[in-house]
Amino acid sequence: MSLILACLLIGIQAWAQTAITGKVTDPQDEPLIGATVIVKGTQTGVSTDFDGNYSIKAAQGQTLVVSYVGYKTKEVPVKGSTVNVVLNDDQTILDEVVVVGYGSMQRKDVTGSITTVNAKDLNVGAYTDPGQLLQGKVPGLVVVQNSDPNGGVNSLTLRGASTLNGGSSPLYVVDGIPGVDLNLVSPGDIESIDVLRDASATAIYGSKAANGVIIVTTKRGNEGPAKVTYSAYAAWERIANDHKMMSADQLRKYAADNGVELPNDMGANTNWQKEVQRTGFAHNHNLSISGGNKSTSYMASLNYIARDGIIKGVGNNLFTGRAYVETKTLKDRLTLAVGINGNVRNEWGVLRNKDNAESVYQQMYSYSPLVPVKNEDGSWYSSGSNISQNYNPLSMIYEDRSRATLKRYQVTGKASLKIIEGLLLNANFSYEAKSWHYRDYYSSKSQIKGKRNGETSQNMTEDYGKLMEIYGNYDKTFGKSHKLGLMAGYSWEEHENGDGFGARGYNFYDDYLGWNDIGMANSWDPDPVWGNLKSTTRMISFYGRANYSYDSKYLLQAAVRRDGASVFGTNNKWATFPSASVAWRISQEDFLRGWEPLTDLKLRVGWGQSGNSTGFDIYTSRFFYENKETNGMRNRFTYVDAQGNEHSYKLISAGRNVNKDLKWETTTMLNIGIDFALFNGRLNGTIEYYNKDTKDMIWDYYVSTLKYPVNKMTANVGKMLNRGVELTINAVPVQTRDWNWTTSINLSHNKNKVVSVTNTEFNECDLNQYDPNMPGLSQGCTTQRIVEGKPIGSFYLWEWAGYDDKGVSTFYERDVETGDYIIDENGNRKTTQQPGEKDRIYAGNAQPKLTMGWDNKITWKNWDLNLFFTGVFGQKIFNEPRAFYSYVGAISQGRNCLESVIKEQNYNDGLAHYPSTRYLENGSYFKLSTATLGYTFRNCFNGWLSDLRLYVSANNVFTITKYKGRDPEINLGGIAPGHDTRWDHYPRCRQILVGVNVNF
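Everything numeric here is computed off the predicted structure, so don't read it as measured data. (Residues numbered from 1 in each chain as written. Predicted model: local features only at pLDDT ≥ 70, side-chain atom pairs only at ≥ 80, totals over all residues. Heavy atoms only, no water.)

A look at the pairing of strand β34 (residues 636–640)
Bridge count between β34 and strand β35 (residues 646–650): five bridges; the pairing is antiparallel. Its bridge partner lying in β35, Val 640 is registered against Glu 646. Linking β34 back to β35 in an antiparallel pair, the connection comprises five residues, with Gly 644 at a positive phi of about 85°. (Pairing = 2+ DSSP bridges. Helix = DSSP H or I, 4+ residues; strand = E, 2+ residues; numbered from the N terminus.)

A word on the sheet that holds strand β45 (residues 809–812)
Taken in spatial order, the three strands of this open sheet run β44-β45-β46, and their pairing is antiparallel. In the strand order of this sheet, the two ends are held by β44 (800–803) and β46 (831–832), each with one partner.

Topic: helix α4 (residues 248–257)
Residues of α4 that are buried include every one of Ala 248, Leu 251, Tyr 254 and Ala 255, and no others. Within α4, the buried residues cover an arc of 130° as seen down the axis, which keeps them to one side. Opposite its buried face, α4 presents the exposed residues Asp 249, Lys 253, Ala 256 and Asp 257, each directed more than 90 degrees away. Its buried side turned inward, α4 meets α10 (889–892) and α11 (901–904). Positive phi appears at Gly 259, one or two residues downstream of α4, with a value of about 65°. (Buried < 20%, exposed > 50% of the residue type's maximum accessible area, 1.4 Å probe, protein only. Arc of directions from axis to C-beta. Contact = heavy atoms within 4.5 Å.)

A closer look at unusual backbone geometry
Located in the positive-phi region is Asp 332, a residue other than glycine, with phi close to 65°. Here Asp 332 lies in the loop between β20 (315–329) and β21 (334–349). Of note, the phi angle at Asn 773 is positive, near 55°, even though the residue is not glycine. Among the structural elements, Asn 773 can be located in the loop between β41 (767–769) and β42 (784–786).

Let's talk about the nonpolar core
By size, the foremost hydrophobic cluster in this structure holds 59 residues, and its most contacted members are Ile 311, Phe 878 and Ile 891. Going through the elements one at a time, α4, α5 (272–276), α6 (360–366), α7 (393–399), β43 (794–798), α9 (880–884) and α10 are the ones with two or more residues in this core. Setting aside residues up to four positions removed in sequence, Ile 891 forms contacts with Met 246, Leu 251, Tyr 254, Val 260, Leu 262, Pro 263 and Cys 897. Counting 23 residues, the second-largest nonpolar core is a separate cluster that includes Leu 122, Leu 141, Leu 156 and Val 185. (Core = buried A, V, L, I, M, F, W, Y, C linked by side-chain atoms within 4.5 Å.)

Considering the confidence of the model for the protein chain
Regions with low pLDDT should not have their predicted coordinates read in detail. Taken as a whole, the protein chain shows an average pLDDT of 88; of its residues, 96% reach a score of 70 or greater. Taken as a whole, residues 1–15 scores under 50 in pLDDT and shows zero contacts with residues more than four places along the chain or in a different chain. (pLDDT = per-residue confidence, 0-100.)

A short note on the pairing of β20
In terms of strand pairing, strand β19 (residues 296–308) meets β20 through 13 bridges, oriented antiparallel. Across the sheet, the residue bridging to Met 299 is Tyr 324, located in β20. Connecting β19 to the next strand, β20, in antiparallel fashion are six residues, including Gly 313 with a positive phi near 85°. Of the strand pairs in this sheet, β20 and β21 are connected by 15 bridges, and their pairing is antiparallel. Paired with Val 325 across the two strands is Val 338, which belongs to β21. Counting the residues that bridge the hairpin from β20 to β21 gives four residues, and of these Leu 330 lies at a positive phi of roughly 55°.

Some thoughts on the environment of Leu 993
On the secondary structure map, Leu 993 appears in strand β55 (residues 989–999). Owing to a relative accessible area of 0%, Leu 993 belongs among the buried residues under this scheme. Contact partners of Leu 993, with chain neighbours within four places excluded, come to Gly 125, Ala 126, Tyr 233, Ala 234, Ala 235, Tyr 951, Val 952 and Ser 953.

Points about the sheet that holds strand β6 (residues 74–77)
If you walk across this open sheet you meet the four strands as β3-β2-β5-β6, and the pairing is antiparallel. Two strands lie at the open edges of the sheet, namely β3 (45–47) and β6, each paired on one side alone. Across the sheet, the mean angle separating the axes of adjacent strands is 20° when strand polarity is ignored. Summarising the sheet, strand β2 (residues 36–39) and strand β5 (residues 63–67) pair through four bridges and their orientation is antiparallel. The partner of Val 37 across the bridge, within β5, is Val 66. (Axes fitted to C-alpha atoms, helices over the stretch in contact; angles between N-to-C directions.)

Some points on the pattern of salt bridges
Under the defined criterion, the tally for this structure stands at 45 salt bridges. Two residues, Asp 148 and Arg 352, come together in a salt bridge whose shortest N-O distance is 2.8 Å. One end of the pair, Asp 148, is in the loop between β11 (141–145) and β12 (153–158); the other, Arg 352, is in the loop between β21 and α6, and 204 residues separate them in sequence. Judged by relative accessible area, Arg 352 falls into the partly exposed class, the value being 31%. One salt bridge in this structure joins Asp 249 and Arg 252, with 3.6 Å as the shortest N-O distance. (Salt bridge = Lys/Arg side-chain N within 4 Å of Asp/Glu carboxyl O.)

Here it is as structure tokens:
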């Protein structure tokens, strides 16, 4: 009977449905082509035709849901057979709230250059470094990734380098608290990220903002029942592209063909890359709960991630916890909030030292394939003293171990009091503590320190940070057109860094304890304990800002900040950083309102100054004494007392010269931008031009010890210039009932130039950078210089001239005065096989001419596909591994070489590896960084789950490049960018990830 009734009801409902027709238009009565019309709660839907008309079957009383890109979705009840719908413009883009320093405002009222990246648009992957989330998402922000579990970002630079001290990272502000360690925030807890790119936006943070500001807003609880979410993934990875080294058979044949005696042919055929590498694995779990009522909201989350890298012995795990509670009291006039963040990170790794080739990353390529992993008795094979700087990489992994534990904790408190309508008094408090504990152990079987019979060292440091900020916001609208915003505040902060000590002991009874009890060491160095120099720095700031908007058409903002810092000289501890910006929303003018395709058009001009105090401590400008080392041992002297007893004391000497005039590095930036939106936001973007000028750059200069106690002086001398253009375009090319494609591309061009590094008092001439430590060059040979008029990362190399009649490499000789070619008596360019410093020429630079990010999101019903491309073009890379592993002399010394040596190198060419233009390559690349495919189940399991999304993602899918190394994505930050290093460069991986997101 129940089955019959159900069939009757279904029949009645079907019979009650009739054809509903209508037209969908905009407020100007223009038809909307391709608008989606769906019967709410069903899968029934259609799209409007060329005239905006539609026809759909629905019953009286049901609801039609009508949507179209750039317009607000509308729900209309079915009453009658004709339902016409007018959709209004969606001002979401313009009304979007943007977080700025010490406040927020609507996107349409912003006068500075600010890019917002929402959580759904962040990069997907097994990431442990927050910077990886932003790669390719923000124009002008150059993020270079690597695959190392213990160091996921090589460099992060915004609008070019602006300092010589190596610190190019932006200031991170998390939930209004500046200077927070972003590693305290798990990616799953991020709601959005706002990147402040120009000085008119960043100047409110003064001396911390020369490298830009990244503001992170975390997720909050909302009114309603508790919401529980769980996300997890598992990821597998392998090296994407590896060096091709000679196999044992190839090495034997090459040696035989060239009459070379191999000193260590043990008859083996070992592939050391396969022995050292493995399939990496990572898994991540994030659980959060949030909720609240009208007065109180809460949010708590736990995150755990563990990674085992593709190199055996390399990995980490990270446990992060976070809780945030916010409540309102005093009739909702006072808002109080408390947050607690903390994590514990354990890292384990292998040796990667530059000195003495103590690097697994180098030895897995250079160690001979002719020898076995182990001897017949089970001990590690060793070349002993016959071959210097040659260590079994498997022995290094298992006998030379290290581990580091980093603990971070932060407690924040926030209060906001509504004094009168529009006037808020705010207070922020933060206390942050970090502790770092490093330990290593070289076992009695170690080939590096085996004679020590087991050696361990430990090092511990603690850092603390305290912050207090009090500021007021006043926002008032006068009439309908005049909007005024005022802000004024005060900040105090203190940081204690480097407080700690270390110890080393050796000669243990056995290897059982490892690093777990250093007190059991039976032998100690003369100075077995050392201390870390503690530095306490303080900063006090006063700041203010004023905003004015007339009818959201004419916009004005001015800000100023005055900072005082203890790290600078007594004559220059204070500095003032002003800024101003204006904007004109041209689209609001009468002469453009009639142009229907135009939704918004805004012209922005901003100017401002910001400073840099990053990388400097309390001792930078002060005189102090220190105890120096010679060959790893502390310098000492012997004192004989009155009784004739001898005592050993540490020898102290001057450590730094006083510079009372040392002051802030200051960056001044002019920014001109145009924001546009067409077709109700379906096509929108920005165009930016900036001029970024940095002066008073700090560097250590050589000075005469006849005038100063120490031969170096830290002084403000240098100037640097960055100019660039940025373009962002966002579009929705396709939107139908089932299909949606959104695409976003950003392009950035930056030109960097070192204006000066000298003045009348300090003249360093050319500043040489980076020595690759090539064989046969005992005096060293740097590959870059910091030169006035050239960009950071300028390569100065010997120019390879080919081979002489004996097949040995030659290099062009240069005139010491002019730098021109030297011409011989026959009119030919003169060559040499003993190139010197004068023969180095400018050969290119590591600065890219263009960077890009291209994001594509395609959805079809419940399926979603994301394709994210990145590209870097026009930069040069010094291929150090190709140079080093092309050294044919290594074969007779018992080491291995690249497979390419067989065809490309002459065996008698002992100069083939010299750092020359031969190994300077085009580093341009275009890469499919991420491809993600997902499916979302909605309202599943009888309502137990709100939705469940399953997805699979691939990272570093393919790379189009002419670069001959493993991967062209290498470090572009610091003062020596563009080097593909061999001893510390973790191989780039290709990763496959499977994940799930569940909302209960």
